[in-house]
Structures are given as C-alpha cells and as structure tokens.
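Analysis of the macromolecular model
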Amino acid sequence: FHNSMRIEPNAFIDLVNLKDLIINENHILEIKENIFKGLDNLFKLELTESNIEKINENSFIDLKLLEDLTFNLCNTQIYNDFNKNLVNLKNLKNLT
C-alpha cells in the first residue's frame, strides 16, 4: 500500500535555475496544470515509478526549454497533444 502524493500548482515557482528534476517513486496520481510553473530553465524531467493516472492538457506548458522527458505511463489518461508546448524536446522515453 502506497500513499499518493500531490504536487501543488506553483510548487517549483522559485526554482528558476533548476536544470534537472527527478521525481521517481513518489506515487503521484495526477500531473496538473501549473505544477511546473517557474521551471523556465529545466532541461530534463524524470517521472518514473510514480503510478501517474492522469496528465492534464497543459501540464508541461511552462517547460519550453525541456529537452529530455522520461516517464512510465501504463494506465495513464493522457491528452494526445500533451507535448504541444515542448518545442525543444529531443528525447521522449516511456518506460512501460
């Protein structure tokens, strides 16, 4: 049994210089809008082993410099165009 974790919108708002963010094994059920607001310089994001059930449409809207995104989405409700704002994305890995 694992307790789910919730990341509040604007949780990373003051981490403007953060380059890599690894959120693994945290049982995050939903990636909501504005969670990553403020991470303007983020290049790498890992969300693995988190049991994500849902990724909202504009969850990654603030990650314009993101180049590397890794997650595992087995039973996840995800919008087809979730990555429409990730214009610099070079590596997208789904570890199913």
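Right above here is the structure, for reference.
Keep in mind that this is a model prediction, so the values were computed, not measured.

1. Some thoughts on the overall build of the chain
Helix and strand content of the chain: 0 helices and 7 strands. Counting helices and strands in the order they occur from the N terminus, the chain gives β-β-β-β-β-β-β. For the chain, buried positions account for 38% of its 96 residues. Taking the contacts inside the chain whose residues are at least 6 apart along the sequence as the reference set, 47% of them involve residues at least 24 apart. If you sum the accessible surface of the chain, you get close to 5700 Å²; carbon and sulfur atoms cover 44% of it.

2. Remarks on the sheet that holds strand S1 (residues 20–22)
Pairing between the strands of a sheet comes from backbone hydrogen bonds, and it takes one of two forms, parallel or antiparallel. Pairing is parallel in the open sheet, where 4 strands are placed in the order S1-S3-S5-S7. Strands at the two margins of the open sheet, each flanked by one partner only, are S1 and strand S7 (91–94). Strand-to-strand twist in this sheet, taken as the mean axis angle between neighbours without regard to direction, amounts to 5°.

3. Here's the deal with the side chain of Glu 46
Take Glu 46: it is sitting in strand S3 (residues 44–47). Classification of Glu 46 as buried rests on a relative accessible area of 17%. A polar atom in the side chain of Glu 46 sits 3.3 Å from the side chain of Lys 44. Once you skip the residues sitting within four places of it in the chain, Glu 46 turns out to touch Leu 21, Ile 22, Ile 23, Asn 24 and Thr 70.

Reading the values: the criteria
Residues numbered from 1 in each chain as written. Predicted model: local features only at pLDDT ≥ 70, side-chain atom pairs only at ≥ 80, totals over all residues. Heavy atoms only, no water. Helix = DSSP H or I, 4+ residues; strand = E, 2+ residues; numbered from the N terminus. Buried < 20%, exposed > 50% of the residue type's maximum accessible area, 1.4 Å probe, protein only. Contact = heavy atoms within 4.5 Å. Areas by Shrake-Rupley, 256 points an atom, 1.4 Å probe, with all protein chains shown as cover. Pairing = 2+ DSSP bridges. Axes fitted to C-alpha atoms, helices over the stretch in contact; angles between N-to-C directions. Polar contact = N/O pair within 3.5 Å; in protein donor to acceptor, adjacent residues only side chain to side chain.

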